[in-house]
Structures are given as structure tokens and as C-alpha cells.
Amino acid sequence: MRKILVVDDELSVREALRIILKDTYQIVVMDCAEAGLEYLKSHEVDLVFLDILMPGMSGLEALKIIKARPDPPEVVIVTATRTVKNAVDAMKHGAFEYVTKPFDVDEIKL
């Protein structure tokens, strides 16, 4: 089964993504970028859902670190901050997709 890492400081977002995707994927959830990066040091995942604005390290900083790895997973940025700058920065640093909260269930499944 393919594995997805969800990194978001909001419990409701982590749980929503877990519930939406659990029937098709193995889901691992982390509440901060630092924990997500630590997990990735010893585990492979197929996809990362990553929030941009979190306490401590931002999702954009984490995205840069993830994408610098050999054979990095795809990263989908999930954020409530709907700015063109954030979207451009995320794509510039290798994000596969940019999804805004609240998100559409069908969009997440795609």
C-alpha cells in the first residue's frame, strides 16, 4: 500500500485528510515540519501533504529540504493562506500541487 505523510499543525486538517485517504493509502500524520522531516529520515513515502504556515519551521522551508533529498516524494501544499506569492514560491521550490483550505474532498482524492 502506498504511504502518504500529512504534516499540518491543525488536528482537524490532519484527521480530515486521514479519513479521506485511509481506504486507499497508509496515512502517517505529524503536527509540525520538524517531526515530518525527522520521519522522512528513516521512512519512505509516496506523497506529502504539507501546510505552509506552522509554528517553528514553515512548510516552504520543509519543502526545500524535502526536495533537496535524492528521489524526493511529491509534495502537495495545503494552506488557508490564499496568496499568489505562496503559490508561486511553492511551485518554484518543487511542489506538485497547491490546495487551499477548506479543500474539496474530490480534489484531495485526485
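Per-chain numbering applies: the sequence of each chain, read as written, is numbered from 1 onward. A pLDDT threshold of at least 70 governs which residues receive local features in this predicted model, and a stricter bar of 80 or more applies before side-chain atom pairs are shown or counted, although totals over entire chains, interfaces and linings include all residues. Neither water nor hydrogens contribute to the side-chain values; these are computed over all heavy atoms in the structure.

Student: So, the overall build of the protein: which residues are in play, and what are the values?
Tutor: A run of H or I in DSSP becomes a helix once it reaches four residues, and a run of E becomes a strand once it reaches two; helices and strands are each numbered from the N terminus. The helix and strand inventory of the protein stands at five helices and five strands. On C-alpha atoms alone, the protein measures out to a radius of gyration of 13 Å, which is about the 13 Å that the 2.2 N^0.38 rule sets for 110 residues. The principal-axis extents of the C-alpha atoms in the protein amount to approximately 35 × 30 × 25 Å. Buried means the residue's accessible area, taken with a 1.4 Å probe over protein chains only, is under 20% of the maximum for its type, while exposed means over 50%, and partly exposed covers the values in between. Residues counted as buried form 45% of the 110 residues belonging to the protein. Residues are treated as being in contact if the distance between any of their heavy atoms lies within 4.5 Å. When contacts within the protein are restricted to residue pairs at least 6 apart in sequence, long-range pairs at least 24 apart make up 54% of them. Distance between charge centres in the protein, computed from 14 positive and 19 negative side chains, equals 2 Å. With C-alpha atoms as the basis for the radius of gyration, the globule rule is written as 2.2 Å multiplied by the number of residues raised to the power 0.38. Positive charges are assigned to Lys and Arg, negative charges to Asp and Glu, while His and the chain termini are left out of the count. A single reference atom marks each charge: NZ on Lys, CZ on Arg, CG on Asp, CD on Glu.

Student: Please set out helix α3 (residues 59-67) residue by residue, giving values where relevant.
Tutor: Of all the residues in α3, the buried ones are G59, L60, A62, L63 and I66. Buried residues along α3 cover an arc of 155 degrees about the axis, so they all sit on one side. Comment: arc refers to directions from the helix axis out to C-beta atoms.

Student: Which residues make up the pairing of strand β5 (residues 97-100), and what values do they have?
Tutor: Look at any regular strand and the pattern is simple: side chains alternate between the two faces of the sheet. Only strands joined by at least two bridges in the DSSP assignment are considered to pair. By the bridge criterion, four bridges tie strand β4 (residues 74-79) to β5 in an arrangement that is parallel. Residue pairing for β5: V76 is matched across the bridge by E97. A crossover links β4 with its parallel partner β5, the connecting element being helix α4 (residues 84-92), and its sense is right-handed. For crossovers, right-handed means that the path from the first strand over the helix to the second runs clockwise, given strands pointing away from the viewer.

Student: Got a sec to walk through the sheet that holds β5? Specific residues and values, please.
Tutor: Pairing between the strands of a sheet comes from backbone hydrogen bonds, and it takes one of two forms, parallel or antiparallel. Read from one edge to the other, the open sheet built from five strands follows the order β2-β1-β3-β4-β5, with strand pairing classed as parallel. Pairing within the sheet leaves two strands with one partner each, and these edge strands are β2 (26-30) and β5. Along the sheet, successive strands turn relative to each other by an average axial angle of 20 degrees, direction set aside. Pairing geometry for strand β1 (residues 3-7) and strand β3 (residues 47-51), over four bridges, is parallel. Residue V6 lies in a different strand from β3, and its bridge partner there is F49. Helix α2 (residues 33-42) contacts β1 and β2 of the sheet and is inclined by roughly 155 degrees relative to β1. Docked against the sheet, α4 engages β4 and β5, running at close to 150 degrees with respect to β5. An axis is simply a line fitted to the C-alpha atoms; with a helix, the fit covers only the stretch in contact. Between two such axes, the angle follows the N-to-C directions and lies from 0 to 180 degrees.

Student: Requested: an account of the pairing of β2, with residues and values cited.
Tutor: For β1 and β2, the ladder comprises five bridges, and the chain directions are parallel. From the neighbouring strand, V6 faces β2, where its bridge partner is V29. With respect to chirality, the unit in which β1 leads through helix α1 (residues 11-21) into the neighbouring parallel β2 is right-handed.

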